[in-house]
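Structure assessment
Next come the chains, spelled out residue by residue.
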Amino acid sequence: MACEETRTANTRTADTGATDTGTADTGTTMSPTGRGTAPTTGTPGTTPDAGPTRAWATRLVIVGIVLSALNLRPAITSLGALLEEVRDGLGMSGSVAGLLTSVPPLCFAVFGITAPRLARRFGPAAVVCAGMVAITAGLLIRPFVGGTAGFLAASALALMGIAVSNVLMPVIVKRWFPDRVGSMTGLYSMALALGTSLAAAVTVPLTDAMGGGWRSGLAVWAVIAGAAVLPWLPLVRERGTASAPPQERAAGERAATERHAPVAQPAPLRITRSRTAWALAVFFGLQATAAYITMGWMPQIFRDAGVPAGTAGVLLAVTMVMGVPLAFVIPRVATRLPQQGPIVLVLGVCGLAGYAGLYLAPAAGAWAWALLLGVSNCAFPLALTMVGMRARSGQGVAQLSAFAQSTGYLISIPGPLLVGVLYQHSGGWGVPIALMAALMVPQMAVGFLAGRDRTVEDEAAAR
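Keep in mind that what you see is a predicted model, and the values were worked out from it rather than measured.

1. Some details on the overall build of the protein
- Counting its secondary structure elements, the protein contains 23 helices and zero strands.
- Classification of the 463 residues of the protein by burial places 55% in the buried group.
- Put simply, 83% of the contacts in the protein that link residues at least 6 apart link residues at least 24 apart.
- Only carbon and sulfur atoms are counted for the fraction: they give 67% of the accessible area of the protein, which is about 17800 Å².

So, in structure tokens, the structure goes:
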């Protein structure tokens, strides 16, 4: 992947991103599918930044994207693996432990909305770097604070870093790889799925290997988060400008010099006027609801059906691991299609089949249902890909990403809690599974609308 990007580095121009540096001067045109065309003016390699420096910076950004994506879920899934031990160690009540399941989407919604403003001021690479620092600090501090309030506060610090990085990853992909949105989103999504499943699978064995203390089992994930800080440091030495691709930065500086005036910032989009933005936000929220329900409750569904506890955990791991290869394939396919609605429908049908299996024969076909739900959960990388495709500019991607993810995570908060309430009061899984299947229908509908070939800039300007 790095070699392929390096070979094409001098023929690309990056998008404007959260801090505009003059797209008109680079001559880059951007299609709604996220693939850029070659510059209409200028010659590749004529600027000091366009040669080896560009190749080096591109490789560094790829490493930063992969390491950052690996760290966007272990703070959540590592805690889930040791939740019983954490409750006992901190004397945490059942209600507070239940609150922990809703804290991640709440933090993603609250803090994610601030990401575009921070990116405009400091540059997206600087904000992602700060996000990795926050994740590292939160993961390192929370096991040793000695109380429930401190544990929640440190968890919120880590989740704040995850929230801003969630929003800005599509922006960085759009800026640095405008003609590789699908492949780079796939790489990022694959690394995110790998980090999710890895933390769920190895946290308990690691804890046992280190003596059985849950504190060390949680703190060990701060090491990987700290490593993710390093690739971003060389890109933020000059605040706001170094986070842009070198060729883009040089073109913007030349344009500003020639005009004897700074490059003007474009006015923010009125993103709420776009029907596509709303459709994408609801789609994001419903797929997140399904994912959190799956992560939180699927093992219990299998255990209540007579599946051994160890096997139920492996079935959840299988569901999560399905996202590793498919998260790379689906975005690449999506960017080659004018509309992504057909992919939304295929994933939705897999989800409906999985829920039907859980309702009719949860134990007999457990492996098949786990595989089908794993395929269905790949709506997440598809949603991220559509964020990069439904806006032309980097600023548009930043606003759309913040709006879709923040609104979507707010939508997802009640789902896992409602499933738990229905399970408790109905005495079985029939009603909760019916709810899961019912939510898949509007997910397919709004996902089909979000997949239409149009951009939020056009819709916001037309209304």
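2. What to know about the environment of Pro 74
- Relative to the helices and strands, Pro 74 is located in helix H4 (residues 74-81).
- For Pro 74, a relative accessible area of 4% translates into the label buried.
- Here the alpha-carbon distance between Pro 74 and Thr 196, two residues 122 residues apart in the chain, equals 5.7 Å.

3. Regarding the pattern of salt bridges
- Applying the stated criterion across every chain yields a total of three salt bridges.
- Measuring nitrogen to oxygen at the nearest pair gives 3.6 Å for the salt bridge that ties Asp 179 to Arg 180. The residues Asp 179 and Arg 180 share a single accessibility class, namely buried.
- Here Arg 454 makes a salt bridge to Glu 459, at a shortest N to O gap of 3.9 Å.
- Residue Arg 454 is classed as partly exposed on the basis of its relative accessible area of 35%.

4. Notes on the side chain of Thr 385
- Tracing the chain through its elements places Thr 385 in helix H19 (residues 379-389).
- Judged by relative accessible area, which is 0%, Thr 385 ranks as buried.
- Look past the residues within four positions of Thr 385 in its chain and what remains in contact with it is Thr 185, Pro 331, Ala 334 and Thr 335.

5. Observations concerning a nonpolar patch on the surface
- On the surface, Leu 106, Val 110 and Leu 410 cluster together to form a nonpolar patch covering roughly 260 Å² of accessible area.
- Within the secondary structure, Leu 410 sits in helix H20 (residues 394-412).

6. Things to note about the packing of helix H8 (residues 124-141) against helix H12 (residues 221-229)
- Relative to each other, H8 and H12 sit at 165 degrees, their axes nearing to 8 Å. Classified by the angle between their axes, H8 and H12 sit roughly antiparallel to one another. Handedness of the crossing formed by H8 with H12: left-handed. Of the residues in H12, those touching H8 at Cys 129, Met 132, Val 133, Ile 135, Thr 136, Leu 139 and Leu 140 are Trp 221, Ala 222, Ala 225, Gly 226, Ala 228 and Val 229.
- Its residues assigned to classes, the contact of H8 with H12 comprises 11 nonpolar, two polar and no charged.

Rules and cut-offs
- Residues numbered from 1 in each chain as written.
- Predicted model: local features only at pLDDT ≥ 70, side-chain atom pairs only at ≥ 80, totals over all residues.
- Heavy atoms only, no water.
- Helix = DSSP H or I, 4+ residues; strand = E, 2+ residues; numbered from the N terminus.
- Buried < 20%, exposed > 50% of the residue type's maximum accessible area, 1.4 Å probe, protein only.
- Contact = heavy atoms within 4.5 Å.
- Areas by Shrake-Rupley, 256 points an atom, 1.4 Å probe, with all protein chains shown as cover.
- Salt bridge = Lys/Arg side-chain N within 4 Å of Asp/Glu carboxyl O.
- Patch = residues over 30% accessible without salt bridge, like charges linked within 9 Å, V, L, I, M, F, W, Y side chains within 5 Å.
- Axes fitted to C-alpha atoms, helices over the stretch in contact; angles between N-to-C directions.
- Parallel < 35°, antiparallel > 145°, perpendicular 65-115°, else oblique.
- Left-handed = near helix turned anticlockwise from the far one by under 90°.
- Nonpolar A, V, L, I, M, F, W, Y, C, P; charged D, E, K, R; others polar.

Spatial relationships are all this shows, so hold off on functional conclusions.
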